[in-house]
Amino acid sequence: MTVLVISGTGTGVGKTVVTAAIAALARDRGQSVAVLKPAQTGVSQDQPGDLADVRRLAGDVVTREIRRYPDPLSPDAAARRRGLPPVTPAEVAKAASELHDEHELVLVEGAGGLLVPFDSGGGTIADVSWSLGAPVLIVAEPGLGTINATALTSEVATGRGLDVVGLVIGAWPARPDLAARCNVADLPVAAGAPLLGVLPDGLGEVTMAEFLAEARRGLSPWFGGEFDSDCFTGQVSAPQ
């Protein structure tokens, strides 16, 4: 794996923290890492965006943002509302390829879900994944309603010929309710892919050293971590 597309089941599910965690582990192993954010929405030019959080948490990684729009909308709607140029899948794939020429790992963080439109032609992060031949990692939330969103995301991805390598739960609560505890076992079934990590809620507020330690605990050996999905599932699924 040299390019990985990270897509959520929606907004606010923890994509940026998951992206930063993967980058932090790769950097700790000595890999050169680049993170690409095709479209940042809901943030003005003078405000820090998602990539600022990635650098703060993961450390010295190269980041690139193609377009920024101030309105908290889909990239396509945000561009149209301000009369700004949209981001196209071709632009994103080109930028990812350029970064790949100089880095061992390139992480492409989508905006919202897999089919959020980038442009008026209906281009999405799914098109970027397909054009690059890059696998997709799904970031899901733990609570009620997540199974349907995860299953739909995976079904669309596989229907378009994309490789869903797994899923990560992006914001595991300190006190998970019954739905969250049951979903740990059910989400991999819905996704048709393995559970590759669970990261705690609020992880974006810790120090860089604490973040690296939590990333190692919360992500699978597939990313260089120590997370054991069977062990975690057994622990949280036990009757309480």
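Under an unreviewed UniProt entry, the name given to the protein is ATP-dependent dethiobiotin synthetase BioD, and the source organism is Prauserella marina. As recorded by UniProt, the Function (unreviewed entry) comment attached to the protein reads in full: "Catalyzes a mechanistically unusual reaction, the ATP-dependent insertion of CO2 between the N7 and N8 nitrogen atoms of 7,8-diaminopelargonic acid (DAPA, also called 7,8-diammoniononanoate) to form a ureido ring." Taken from UniProt, the Sequence similarities (unreviewed entry) comment for the protein reads in full: "Belongs to the dethiobiotin synthetase family."

Moving on, we get to the nonpolar core. With 42 residues, the main nonpolar core has Leu 36, Val 92, Val 108 and Trp 172 as its most contacted residues. Discounting chain neighbours no more than four positions away, the residues touching Val 92 are Leu 36, Pro 38, Ile 66, Val 87, Val 108, Phe 118 and Val 128. Counting 32 residues, the second-largest nonpolar core is a separate cluster that includes Leu 51, Leu 137, Val 139 and Leu 219.

Take the pattern of salt bridges next. For the coordinates displayed, the defined rule picks out 13 salt bridges. Taking the shortest distance from any N to any O, the salt bridge between Arg 67 and Glu 91 comes out at 2.8 Å. Of this pair, Arg 67 sits in strand β3 (residues 62-69) while Glu 91 is found in helix α4 (residues 89-102), placing the two residues 24 residues apart along the sequence. Here Glu 91 falls in the partly exposed class, since its relative accessible area comes to 27%. One salt bridge connects Arg 160 with Asp 127, and the closest N-O pair in it is separated by 3.8 Å. Pair noted here: Arg 160 is in the loop between α6 (146-159) and β6 (164-172) and Asp 127 is in helix α5 (residues 125-132), with a separation of 33 residues, a long-range link.

In the numbering used here, UniProt assigns the feature "active site" (unreviewed entry) to Lys 37. For Lys 37, the location among the structural elements is in strand β2 (residues 33-41). On the basis of relative accessibility, which here comes to 4%, the residue Lys 37 falls in the buried class. Residue contacts for Lys 37: discarding those within four places in its chain leaves Asp 50, Leu 51, Arg 64, Glu 65, Ile 66, Glu 109, Gly 110 and Ala 111.

A separate point is the environment of Ala 140. Structurally, Ala 140 can be placed in strand β5 (residues 136-140). For Ala 140, a relative accessible area of 0% puts it in the buried group. Sequence separation of Ala 140 and Val 33 is 107 residues, and the distance between their C-alpha atoms is 23 Å. Contact partners of Ala 140, with chain neighbours within four places excluded, come to Thr 9, Val 13, Thr 146, Thr 150, Leu 167, Val 168, Ile 169 and Gly 170.

Our next topic: the packing of aromatic side chains. The full count for this structure, using the stated rule, is 3 aromatic pairs. Ring centres of Trp 222 and Phe 223 lie 5.0 Å apart, and the angle between their planes is 90°; on these two criteria the pair is classed as edge-to-face. Take Phe 223: its relative accessible area is 3%, and that puts it in the buried class. Cluster of aromatic residues (ring-pair linked, three or more members): Trp 172, Phe 227 and Phe 232.

Across the sheet, which stays open at both edges, the 7 strands sit in the order β3-β2-β4-β1-β5-β6-β7 with parallel pairing between neighbours. Two strands lie at the open edges of the sheet, namely β3 and β7 (195-200), each paired on one side alone. Strand-to-strand twist in this sheet, taken as the mean axis angle between neighbours without regard to direction, amounts to 20°. Bridge analysis of strand β1 (residues 3-8) against strand β4 (residues 105-113) gives 5 bridges, and the strand direction is parallel. Counterpart to Val 3 in the pairing with β4 is Val 106.

The rules behind each value
Residues numbered from 1 in each chain as written. Predicted model: local features only at pLDDT ≥ 70, side-chain atom pairs only at ≥ 80, totals over all residues. Heavy atoms only, no water. UniProt positions renumbered as here; feature names shortened; annotations may be inferred. Core = buried A, V, L, I, M, F, W, Y, C linked by side-chain atoms within 4.5 Å. Buried < 20%, exposed > 50% of the residue type's maximum accessible area, 1.4 Å probe, protein only. Contact = heavy atoms within 4.5 Å. Salt bridge = Lys/Arg side-chain N within 4 Å of Asp/Glu carboxyl O. Helix = DSSP H or I, 4+ residues; strand = E, 2+ residues; numbered from the N terminus. Phe/Tyr/Trp six-rings, centres within 6.5 Å; stacked < 30°, edge-to-face > 60°. Pairing = 2+ DSSP bridges. Axes fitted to C-alpha atoms, helices over the stretch in contact; angles between N-to-C directions.

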